[in-house]
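What follows is the residue order along each chain.
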Amino acid sequence: YLTRETTGWMDDSRTQSVAVMGNRLCHIVVTFRKSIRTAMPRVVLASTLGGNDLLARMANEDVVRHAGVLLTLVRSRFPDAYLIGVGVHPVAVAFANDNRIELNRIIGEMWRRTPRSCWVDPSALFSVDRLGTPLAGQLVDSIHYAPHMTRLVKRQIEMQCGVSF
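Here we summarise the structure given alongside this text. (Residues numbered from 1 in each chain as written. Predicted model: local features only at pLDDT ≥ 70, side-chain atom pairs only at ≥ 80, totals over all residues. Heavy atoms only, no water.)

Another point: the overall build of the protein chain. Counting its regular elements, the protein chain contains six helices and three strands. Secondary structure of the protein chain in N-to-C order comes out as α-α-β-α-α-β-α-β-α. Among the 165 residues that make up the protein chain, the fraction classed as buried is 48%. Counting only carbon and sulfur atoms, one obtains 54% of the accessible surface of the protein chain, whose full area is about 8700 Å². (Helix = DSSP H or I, 4+ residues; strand = E, 2+ residues; numbered from the N terminus. Buried < 20%, exposed > 50% of the residue type's maximum accessible area, 1.4 Å probe, protein only. Areas by Shrake-Rupley, 256 points an atom, 1.4 Å probe, with all protein chains shown as cover.)

In structure tokens, the structure reads:
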């Protein structure tokens, strides 16, 4: 959604998006080898890690396991790439909000322990109500953030991880 819906989010001449809307981590684990057409990418960005899994009401343990498998597979396939992981942002879905903080913490720890990697938790960019739901104007629907929030997430990735795309 990030790359498709926000003009200028990435430079198509040097950045490849293999995002498939709705894919869960278990799907990405199975398809990523065929997805990345660049032989030696400098950077691999995985976002929003576990978001669709939470929408499918998967248990955190399963999501964490799939995230670990994906991280191991990507690192082994692209040992020199800089790996950037982006956590789950606040949404207007109770189950996802109830589980995303713990999921971001666990996957973030796993990501930070990995050499040549960067973990970004976009949660602080959002203003939320007492239930953790983003305030009006931050989402375009119940799960996808608005273009201005997308630009904020991109800026956080660039500043925190020292990359541009």
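And the narrative resumes.
On to the packing of aromatic side chains. In this description, a pair of aromatic rings is defined by centroid distance and the angle of the planes. The tally for this structure, following the rule as stated, stands at two aromatic pairs. Between Trp 111 and Trp 119, the ring centres sit 6.2 Å apart and the planes meet at 50°, which makes this aromatic pair tilted. Trp 119 matches Trp 111 in its accessibility class, with the two residues each being buried. (Phe/Tyr/Trp six-rings, centres within 6.5 Å; stacked < 30°, edge-to-face > 60°.)

Attention now moves to the state of the cysteines. Scanning the model with the defined rule gives one disulfide in all. Put simply, Cys 118 and Cys 161 are joined by a disulfide, and their sulfur atoms are 2.0 Å apart. One disulfide, between Cys 118 and Cys 161, carries an S-S torsion of -75° and so falls in the left-handed class. Residue Cys 118 is located in strand 3 (residues 117-120), and its partner Cys 161 is located in helix 6 (residues 147-161); the two are separated by 43 residues in the primary sequence. With respect to burial, Cys 118 and Cys 161 carry one shared label: buried. (Disulfide = S-S within 2.5 Å.)

Further remarks concern the packing of helix 4 (residues 60-77) against helix 5 (residues 94-112). Here helix 4 crosses helix 5 at 25°, and the two axes come no closer than 10 Å. Classified by the angle between their axes, helix 4 and helix 5 sit roughly parallel to one another. Every pair of crossing elements has a handedness; the one defined by helix 4 and helix 5 is right-handed. Side by side, helix 4 and helix 5 meet where Asn 60, Val 63, Val 64, Ala 67, Gly 68 and Leu 71 of the first sit next to Asn 99, Glu 102, Leu 103, Ile 106, Ile 107, Met 110 and Trp 111 of the second. (Axes fitted to C-alpha atoms, helices over the stretch in contact; angles between N-to-C directions. Parallel < 35°, antiparallel > 145°, perpendicular 65-115°, else oblique. Left-handed = near helix turned anticlockwise from the far one by under 90°. Contact = heavy atoms within 4.5 Å.)

When their charged atoms lie close together, side chains carrying opposite charge are able to pair. What the rule picks out here adds up to three salt bridges. Its salt-bridge partner being Asp 62, residue Arg 65 comes within 3.1 Å of it at the nearest N-O pair. One end of the pair is Arg 65 and the other is Asp 62, both in helix 4 and three residues apart, which spans about a single turn. Here Arg 65 falls in the partly exposed class, since its relative accessible area comes to 47%. For the salt bridge of Arg 105 with Glu 109, the shortest nitrogen-to-oxygen distance reads 3.3 Å. Highlighted residues: Arg 105 and Glu 109, both in helix 5, separated by four residues, approximately one helical turn. Using a relative accessible area of 33% as the deciding quantity, one classes Glu 109 as partly exposed. (Salt bridge = Lys/Arg side-chain N within 4 Å of Asp/Glu carboxyl O.)

Attention now goes to the nonpolar core. Residues Leu 49, Ile 107 and Trp 111 are the most contacted members of the largest nonpolar core, which totals 28 residues. Only helix 2 (25-35), strand 1 (43-46), helix 4 and helix 5 provide two or more residues apiece to this core. It is helix 4 that provides the largest number of residues to this core, a total of seven residues. Grouped together as the second largest cluster of nonpolar side chains are 14 residues, Tyr 82, Cys 118, Phe 126 and Tyr 145 included. (Core = buried A, V, L, I, M, F, W, Y, C linked by side-chain atoms within 4.5 Å.)

In spatial order, the strands read 1-2-3; together these three strands make up an open sheet with parallel pairing. Strand pairing shows two members of the sheet lacking a second neighbour, strand 1 and strand 3, which therefore form its edges. Across the sheet, the mean angle from the axis of one strand to that of its neighbour is 15°, orientation sign disregarded. In this structure, strand 2 (residues 82-86) lies alongside strand 3, joined through four bridges in parallel fashion. Within strand 3, the position partnered with Ile 84 by the bridge is Cys 118. Lying over the sheet, helix 5 contacts strand 1, strand 2 and strand 3, oriented at roughly 160° with respect to strand 3. (Pairing = 2+ DSSP bridges.)

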